[in-house]
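Inside the fold
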Amino acid sequence: MDKHEGRDAGTIRLDDPWYDALAVGWGEGEGAGGATGGGAETSPPNTSPGGAPARAASDIYLEVQRSAAFQEVRGRYRRFVVPATVGFFLWYVAYVVAATTAPGMMARPVFGSVNVALLAGLGQFLSTFLLTWAYARHARLRRDRAALDLRWTVFEQEQVRRADAGERTRARGAGR
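A few points on the structure. (Residues numbered from 1 in each chain as written. Predicted model: local features only at pLDDT ≥ 70, side-chain atom pairs only at ≥ 80, totals over all residues. Heavy atoms only, no water.)

1. Structural notes on the side chain of Gln124
Definition in use: Helical segments are the DSSP runs of H or I of at least four residues, strand segments are the runs of E of at least two, and each set is numbered from the N terminus. Each residue's exposure class comes from its accessible area (1.4 Å probe, protein chains only) as a fraction of the maximum for that residue type: buried when under 20%, exposed when over 50%, partly exposed otherwise. Contact criterion: two residues are considered in contact whenever any of their non-hydrogen atoms come within 4.5 Å of each other.
Along the chain, the position of Gln124 falls in helix H4 (residues 116-174). Gln124 gets classed as buried once you look at its relative accessible area, which sits at 9%. In contact with Gln124, other than residues within four places in its own chain, are Phe88, Trp91, Tyr92 and Tyr95.

In structure tokens:
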């Protein structure tokens, strides 16, 4: 994404693949009204100018979902999230079980009025922040670039599909 300087520095470019305003109305049937409320056509006809079936947005997304690149991004996500979730859940359950079944151990002073239960409780907060940091780092280093590349691919395919739909609309209008 290009950086902007000056007065329009905070605006979103319409050719930005992360901008989802172009997706408004997808999946709505003909005459449903959609966001425009006028019953405007939200999906193009299913034939291209040559008579071959046109690619719908759902076809593009299904193709991307089946792609090796998408499966790799999802695999990287799962390989981090599943063990992290299980580990954090076990750590939480261990804290709760220890607090209820071993109150004498949890009440043992470590230094001053600070006991094992207080340190374990603070450890819960610390582990939450560390897990959040690790997740953000993993996403940035292992998934964000690949996900953005997939997003650009879908964006470009959608632009081609919309251009084809525009040509069909113009051809229908000229044939009247």
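Anyway, onward from the coordinates.
2. Here's the deal with the nonpolar core
Stated precisely, the cut-off is as follows: The term nonpolar core refers to a set of buried residues drawn from Ala, Val, Leu, Ile, Met, Phe, Trp, Tyr and Cys, joined through side-chain atoms within 4.5 Å.
Ranked by size, the top nonpolar core spans five residues in total: Ile60, Val64, Val73, Leu150 and Val154. Looking at this core, the elements with two or more residues in it are helix H1 (57-66) and H4.

3. Here's the deal with the packing of aromatic side chains
Note the threshold: Stacked, edge-to-face and tilted are the three classes for Phe, Tyr and Trp ring pairs, Trp counted by its six-membered ring, which pair at centre distances within 6.5 Å; planes under 30 degrees apart are stacked, over 60 edge-to-face, the rest tilted.
According to the stated counting rule, one finds two aromatic pairs in the structure shown. Relative to Tyr135, the ring of Phe80 has its centre 5.9 Å away and its plane inclined at 50 degrees; by these criteria the two rings are tilted. Of this pair, Phe80 sits in helix H2 (residues 68-101) while Tyr135 is found in helix H4, placing the two residues 55 residues apart along the sequence. Overall, Tyr135 belongs to the partly exposed group, its relative accessible area being 33%. Measuring from centroid to centroid gives 5.6 Å for Trp152 and Phe155, while their planes differ by 85 degrees, and the two rings are edge-to-face. With Trp152 and Phe155 both in helix H4, this residue pair falls three residues apart, about one helical turn. Looking at Trp152, the relative accessible area reads 29%, which means it is partly exposed. By relative accessible area, which is 14% here, Phe155 ends up buried.

4. Digging into the packing of H1 against H2
Filter applied, for reference: Only the stretch in contact is used when fitting a helix axis, every axis being a line fitted to C-alpha atoms; angles between N-to-C directions are given from 0 to 180 degrees. When describing relative orientation, an angle under 35 degrees is termed roughly parallel and one over 145 degrees roughly antiparallel, while 65 to 115 degrees is termed roughly perpendicular and anything else oblique. Residues are sorted three ways: Asp, Glu, Lys and Arg are charged, Ala, Val, Leu, Ile, Met, Phe, Trp, Tyr, Cys and Pro are nonpolar, and all the rest, Gly among them, are polar.
Axis separation between H1 and H2 bottoms out at 5 Å; the angle between their running directions is 60 degrees. Comparing the axis directions of H1 and H2 gives the class oblique. Contacts from Val64, Gln65 and Arg66 of H1 reach H2 at Ala68, Phe70 and Gln71. Broken down by class, the residue content of the contact of H1 with H2 amounts to three nonpolar, two polar and one charged.

5. Quick notes on H2
As a reminder, the rule being used: To estimate the expected span of a helix, count its residues, drop one, and scale the result by 1.5 Å.
Compared with an ideal rise of 1.5 Å per residue, which puts 34 residues at 50 Å, H2 spans 48 Å between its outermost C-alpha atoms and is within 8% of the ideal. Burial in H2 covers these residues: Val73, Gly75, Phe80, Val81, Ala84 and Ala98.

6. A look at the side chain of Ser127
Cut-off, in case you're wondering: Throughout this description, a polar contact denotes any pair of N or O atoms lying within 3.5 Å of each other; where both atoms belong to protein, one of them has to be capable of donating a hydrogen while the other can accept it, and for residues adjacent in sequence the pair is counted only when both atoms sit in side chains.
Within the secondary structure, Ser127 is located in helix H4. We classify Ser127 as buried; its relative accessible area is 19%. At 3.0 Å, the side chain of Ser127 and the side chain of Trp91 are in polar contact.

7. Some remarks on the pattern of salt bridges
What counts is decided by this rule: In what follows, salt bridge is the name for a side-chain nitrogen of Lys or Arg lying within 4 Å of a carboxyl oxygen of Asp or Glu.
A full pass over the atoms with the stated rule returns three salt bridges. Two residues, Arg79 and Glu72, come together in a salt bridge whose shortest N-O distance is 3.4 Å. The class of Arg79 is exposed, set by a relative accessible area of 54%. A salt bridge links Arg162 to Glu158; the nearest nitrogen and oxygen atoms lie 3.2 Å apart. With Arg162 and Glu158 both in helix H4 and four residues apart, the pair spans about one turn of that helix. Classification of Arg162 by relative accessible area gives partly exposed; the value is 33%. Connected through shared salt-bridge partners, Glu72, Arg76 and Arg79 make up one network.

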